[in-house]
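Fold and contact review
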Amino acid sequence: VRAVWWIMENLPVRLAYFLAEMVGTLLYYVLPRRRRLIAANLAIVYPNGPPFDIEWFGRQVFIHACYTVVEFALASRLMNKDNWQNFVGGPGLELLQTQKLKNQGAPFVTPHLGNFLVAGFVPGYICYPLVTVINPLRNKAMNRFYSYLFERTGHKVVQKRDSYETLKNLIVQP
């Protein structure tokens, strides 16, 4: 896994996105059960049919999942403590920087793994301590790998089952 990740981190950007699109398209065709799940979910949301082509949308779901992996890999190579401002912005960033200057904490919550999680690299780049709660996967090697990715950007990784006590101990009551 680490060797594949190293290759992904070091691919030229355009080639990485091209490969993600090809792999996403291939996954769309070789995972019919997931295709049916996408169609079933769309039927719930759009009982009269979606205003777009379901097959096109299904392919896009797989392609964008692969883009997420590519963006995560490329960000760990291309984004660093000196240039992160070129990649990430928004009003939440100002709060994070203000709280850091006050030596106070601030919540930084993302609902699940996605390309928006790349923003989670930023606190590590500005030396802001960050605790990341991850839901354990069945594959222990993948758990170690995800922990490694987070920890190398300054995160302290906590398994979901241990998160309440850890987070409670980090919160300082006035």
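Computed from a prediction, not measured in an experiment: that's the story for all the values here. (Residues numbered from 1 in each chain as written. Predicted model: local features only at pLDDT ≥ 70, side-chain atom pairs only at ≥ 80, totals over all residues. Heavy atoms only, no water.)

1. Concerning the pattern of salt bridges
Here is the rule: The rule for a salt bridge is simple: a side-chain nitrogen of Lys or Arg has to be within 4 Å of a carboxyl oxygen of Asp or Glu. Working definition: helices are DSSP H or I runs of at least four residues, strands are E runs of at least two. Numbering for both runs from the N terminus.
For the structure shown, the criterion picks out 1 salt bridge. For Glu55, the salt bridge is made with Arg59, and the minimal N-O distance between the two is 3.0 Å. Within this pair, Glu55 and its partner Arg59 are both found in helix α4 (residues 54-78), separated by 4 residues, close to a single helical turn.

2. As for the pairing of strand β1 (residues 130-134)
Looking along a regular strand, one sees the side chains alternate between the two faces of the sheet. Put simply, the rule is: Think of it in three bands: with a 1.4 Å probe and only protein chains considered, a residue is buried below 20% of the maximum accessible area for its type, exposed above 50%, and partly exposed in between. Here the rule is simple: two strands pair whenever DSSP picks up at least two bridges between them. Looking down the strands as they point away from you, a crossover is right-handed if its path from the first strand over the helix to the second goes clockwise.
Residues Leu130, Thr132 and Ile134 line the buried face of β1, whereas the alternating positions Val131 and Val133 sit on a face that is not buried. Pairing analysis gives 5 bridges linking β1 to strand β2 (residues 155-159), with the strands arranged parallel. In the sheet register, Leu130 faces β2, and the bridge partner there is His155. A crossover connection joins β1 to the parallel β2 through helix α7 (residues 140-151); in handedness this β-α-β unit is right-handed.

3. Here's the deal with the packing of helix α1 (residues 2-10) against α4
Formally: What counts as an axis is a line fitted to C-alpha atoms, over the stretch in contact for a helix, and the angles between N-to-C directions run from 0 to 180 degrees. Here roughly perpendicular refers to angles of 65 to 115 degrees, roughly parallel to angles under 35, roughly antiparallel to angles over 145, and oblique to all remaining angles. Two residues qualify as a contact provided that any one of their heavy atoms is within 4.5 Å of a heavy atom in the partner residue. Here the term charged refers only to Asp, Glu, Lys and Arg, the term nonpolar to Ala, Val, Leu, Ile, Met, Phe, Trp, Tyr, Cys and Pro, and the term polar to all other amino acids, Gly among them.
Interhelical geometry of α1 versus α4 gives an angle of 75° and a closest axis separation of 8 Å. In terms of orientation, α1 lies roughly perpendicular with respect to α4. Side by side, α1 and α4 meet where Trp5, Met8, Glu9 and Asn10 of the first sit next to Val69, Val70, Phe72, Ala73, Leu74, Ser76 and Arg77 of the second. Looking at the contact of α1 with α4 residue by residue, the classes come out as 7 nonpolar, 2 polar and 2 charged.

4. Side note on the nonpolar core
Stated formally: By nonpolar core is meant a set of buried Ala, Val, Leu, Ile, Met, Phe, Trp, Tyr and Cys residues that side-chain atoms within 4.5 Å join together.
Core analysis: the biggest nonpolar cluster contains 9 residues, these being Trp5, Met8, Phe72, Ala73, Ile134, Phe145, Leu149, Phe150 and Val157. Elements with a contribution of two residues or more to this core: α1, α4 and α7. Those residues in contact with Val157, other than ones at most four positions away along the chain, are Thr132, Ile134, Ser147, Phe150 and Glu151. Core analysis: the second largest hydrophobic core is formed by 8 residues, Ala20, Ile63, Tyr67 and Val70 among them.

5. A short note on the environment of Tyr46
Within the element layout of this structure, Tyr46 appears in the loop between α3 (32-45) and α4. The class for Tyr46 is partly exposed, based on a relative accessible area of 31%. In this structure, Tyr46 is in contact with Pro51 and Phe52, ignoring residues within four places of it in sequence.

6. Details of α7
Let me state the cut-off plainly: Any helix carries an expected span of 1.5 Å times its number of residues minus one. Counting of polar contacts relies on pairs of N or O atoms within 3.5 Å, with two restrictions inside protein: one atom must be capable of donating a hydrogen and the other of accepting it, and residues adjacent in sequence are counted only when both atoms are side-chain atoms.
Between its first and last C-alpha atoms α7 spans 16 Å; for 12 residues at 1.5 Å apiece the expected length is 16 Å, and the two agree. Of the residues making up α7, those classed as buried are Asn143, Phe145, Ser147, Leu149 and Phe150. Here the buried face of α7 lies against α1, α4, β1 and β2. A side-chain oxygen of the first residue of α7 lies 2.9 Å from the backbone nitrogen of Ala141; this N-cap is Asn139.

The values reported here are purely geometric and, on their own, carry no functional implication.
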